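# Summary of structural features
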Amino acid sequence: AYNRVDRTDKTQVIRNLGVGAPPPGSEIDLDTQSDLYAGKLTFRINNSNNLAFSVFGDPRTRDGNIFTISGEPSTYEGTEDLGSDDFVLRYDGVFGGSWVIEGLVGKHQETDKFAGPGKSEAQYIDTRPSGPDILSGGFGFHTDEEYTRDVFKLDVSKFIGNFEFKIGADQE
């Protein structure tokens with residue numbers, strides 16, 4: 001399955017944000033493009049053994065006001081690439097009518113990265129008592145992140161009468 005989602009959110013400026021900022025009444029766009037996907041392929045080796053591969057993800061790009069509009073465009077305007085991809089390989093097997101083996105290997109990859117004119121600029125916050133805080137300079141706090149997680153699982157079961165004896169291990 002695949003679904004491309006294109007979405008535009010509009011934010012209206014409701015007050016004066018200082019020199020260089022958009023005037024009150026301005027609308028600032030945030031465009032989001034998402035590629036949502038999922039798939040599964042199962043290979044039936046024989047009546048007692050299956051191998052399945054699954055993949056799914058939600059990578060997306062945001063372009064526009066990726067931070068709160070509180071000053072000049074360099075404090076909020078940019079791009080953000082984020083989302084994740086997941087892959088899983090699973091094995092299920094029955095042996096001798098009473099033994100079951102299940103195994104799984106998976107990988108999760110996630111990213112969140114920022115770009116734009118304010119990425120490498122320091123942000124200044126004007127906190128004078130004359131009104132709400134006004135921002136100038138760059139983005140403020142943000143961090144580029146990448147995560148990966150690997151998963152390994154193995155279970156062995158033995159059925160004797162009405163009882164199931166199971167042992168397994170997993171690591172993440």
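Residues numbered from 1 in each chain as written. Predicted model: local features only at pLDDT ≥ 70, side-chain atom pairs only at ≥ 80, totals over all residues. Heavy atoms only, no water.

### What to know about the overall build of the protein
In terms of regular secondary structure, the protein is built from zero helices and 10 strands. Taken from N to C terminus, the helices and strands of the protein fall in the order β-β-β-β-β-β-β-β-β-β. Relative to its length of 172 residues, the protein is extended, with a C-alpha radius of gyration of 25 Å against a globular reference of 16 Å. With respect to the three principal axes, the spread of C-alpha positions in the protein is 80 × 30 × 30 Å. Residues classed as buried in the protein amount to 28% of the 172 residues present. The long-range share in the protein, meaning contacts at least 24 apart out of those at least 6 apart in sequence, stands at 56%. Accessible surface, the protein: about 11,100 Å² in total, of which carbon and sulfur atoms supply 54%. With 17 positive and 29 negative side-chain charges, the protein shows a spacing of 7 Å between the two charge centroids. (Helix = DSSP H or I, 4+ residues; strand = E, 2+ residues; numbered from the N terminus. Rg over C-alpha atoms; globule rule 2.2 N^0.38 Å. Buried < 20%, exposed > 50% of the residue type's maximum accessible area, 1.4 Å probe, protein only. Contact = heavy atoms within 4.5 Å. Areas by Shrake-Rupley, 256 points an atom, 1.4 Å probe, with all protein chains shown as cover. Lys, Arg positive; Asp, Glu negative; His and termini not counted. Charge placed at Lys NZ, Arg CZ, Asp CG, Glu CD.)

### Points about the pairing of strand β9 (residues 145-160)
One ladder, built from 14 bridges, connects strand β6 (residues 99-115) with β9; its direction is antiparallel. In the sheet register, K107 faces β9, and the bridge partner there is D150. Two strands pair when backbone bridges link them, and β9 and strand β10 (residues 163-171) are joined in this way by nine bridges, in the antiparallel orientation. Residue pairing in the sheet places V156 in a bridge with I167 of β10. (Pairing = 2+ DSSP bridges.)

### Some points on the pairing of strand β3 (residues 49-57)
Looking at chain direction, strand β2 (residues 27-46) and β3 are connected through nine bridges and run antiparallel. The partner of A38 across the bridge, within β3, is F56. Joining the antiparallel neighbours β2 and β3 is a turn of two residues. Pairing of β3 with strand β5 (residues 77-95) involves nine bridges; the strand directions are antiparallel.

### Digging into the nonpolar core
V13, L17, A21, I28, L30, I66, F67, I69, Y76, F114, I134 and F139 together form the largest nonpolar core, which totals 12 residues. Apart from the residues lying within four places of it in its own chain, the contact partners of L30 are R7, T8, D9, R62, D63, G64, N65 and I66. (Core = buried A, V, L, I, M, F, W, Y, C linked by side-chain atoms within 4.5 Å.)

### Some details on a nonpolar patch on the surface
Judged by side-chain polarity, L41, F43, I45, L51, F53, L89, V105 and F152 come together as a nonpolar surface patch covering roughly 730 Å² of accessible area. Elements with a minimum of two residues in the nonpolar patch: β2 and β3. Sorting elements by how many residues they give to the nonpolar patch places β2 first, with three residues. You can see F53 is positioned in strand β3. (Patch = residues over 30% accessible without salt bridge, like charges linked within 9 Å, V, L, I, M, F, W, Y side chains within 5 Å. Salt bridge = Lys/Arg side-chain N within 4 Å of Asp/Glu carboxyl O.)

These results come straight from atomic positions and should not be treated as a statement about function.
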